[in-house]
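# Structural description and commentary
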Amino acid sequence: GGGELDAALRAHPLFPCIALLLLQEVLNRRLFSTVRETRRLTYDANFHLTSFETIMGGWYLVTVTAKPELAVAALEACEETLLAARSWDKVTRDNLRSAQFELISKHQGAMQTNKHWVDMLAGLQLDEIPSKDIRSITDFVDIVQSVKVEDVQRMLECLETDKKTAWTCIGVSG
């Protein structure tokens with residue numbers, strides 16, 4: 001039944017990576033909407049997850065491009081957006097569907113380039129990357145479509161957002 005299929009898809013080696021990419025897409029849209037469009041504190045806002053699916057740990061990076069006098073407010077708005085997504089403004093079905101559409105579109109566009117194919121094929125036969133096999137290419141769209149709202153929300157709830165332990169920094173250039 002559906003439960004067995006869901007379990008098989010969640011056991012797929014690509015599932016953690018895809019769930020994290022979808023979370024990243026959802027949070028990017030939220031940051032852009034809140035920090036740029038609603039509060040007008042930045043020109044750009046980006047959320048990037050790194051290596052959580054391949055190493056114990058990993059990190060995330062939020063970057064904004066703001067005027068120096070708005071930098072502290074932009075940082076606070078980013079922190080508030082992440083906390084809201086974990087608590088009262090959780091990931092919705094619409095958030096997930098938009099993220100899935102975006103991820104599949106990017107993937108299908110990238111599949112037209114040699115560089116993407118080389119990146120996708122790199123490491124397929126290495127024992128050091130046991131979770132990467134040909135299914136990383138053939139099952140990509142199916143795995144993206146299999147991720148549920150609860151999966152993305154669980155990933156989000158695993159991120160450390162406590163101000164006491166999170167490292168923040170404001171850098172000014174120019």
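To keep things clear, this report deals only with the structure shown in the data block. (Residues numbered from 1 in each chain as written. Predicted model: local features only at pLDDT ≥ 70, side-chain atom pairs only at ≥ 80, totals over all residues. Heavy atoms only, no water.)

## Side note on the side chain of Ser-146
Along the chain, the position of Ser-146 falls in helix H7 (residues 140-146). Excluding residues that lie within four positions of it along the chain, Ser-146 makes contacts with Leu-9, Phe-15 and Asp-151. (Helix = DSSP H or I, 4+ residues; strand = E, 2+ residues; numbered from the N terminus. Contact = heavy atoms within 4.5 Å.)

## Examining the side chain of Gln-100
Inspection of the secondary structure puts Gln-100 in helix H4 (residues 93-110). For Gln-100, the side chain forms a polar contact with the main-chain oxygen of Val-144, separated by 2.8 Å. The contacts of Gln-100, once residues within four sequence positions are left out, are Leu-22, Val-144, Gln-145 and Val-147. (Polar contact = N/O pair within 3.5 Å; in protein donor to acceptor, adjacent residues only side chain to side chain.)

## Description of the packing of helix H2 (residues 15-38) against H4
Viewed as axis vectors pointing N to C, H2 and H4 meet at an angle of 115°, and their least axial separation amounts to 9 Å. Overall, the two elements H2 and H4 adopt an arrangement that is roughly perpendicular. The chirality of how H2 crosses H4 is right-handed. Residues Ile-18, Leu-21, Leu-22, Glu-25, Val-26, Arg-29 and Arg-30 of H2 form the contact with H4, whose own contacting residues are Asn-95, Leu-96, Ser-98, Ala-99, Gln-100, Glu-102, Leu-103 and Lys-106. Here the contact of H2 with H4 is built from residues that sort into seven nonpolar, three polar and five charged. (Axes fitted to C-alpha atoms, helices over the stretch in contact; angles between N-to-C directions. Parallel < 35°, antiparallel > 145°, perpendicular 65-115°, else oblique. Left-handed = near helix turned anticlockwise from the far one by under 90°. Nonpolar A, V, L, I, M, F, W, Y, C, P; charged D, E, K, R; others polar.)

## Quick look at the pattern of salt bridges
A complete count under the given rule lists eleven salt bridges for this structure. With its nearest N and O atoms 3.0 Å apart, the salt bridge here joins Arg-10 to Asp-151. With Arg-10 in helix H1 (residues 2-11) and Asp-151 in helix H8 (residues 149-157), the pair connects residues that are 141 residues apart, well separated along the chain. Measuring nitrogen to oxygen at the nearest pair gives 3.5 Å for the salt bridge that ties Arg-29 to Glu-102. One end of the pair, Arg-29, is in helix H2; the other, Glu-102, is in helix H4, and 73 residues separate them in sequence. Relative accessible area serves as the criterion here: at 37%, Arg-29 is assigned to the partly exposed category. Connected through salt bridges with shared partners, the residues Glu-25, Arg-29, Glu-102 and Lys-106 form a single ionic network. (Salt bridge = Lys/Arg side-chain N within 4 Å of Asp/Glu carboxyl O. Buried < 20%, exposed > 50% of the residue type's maximum accessible area, 1.4 Å probe, protein only.)

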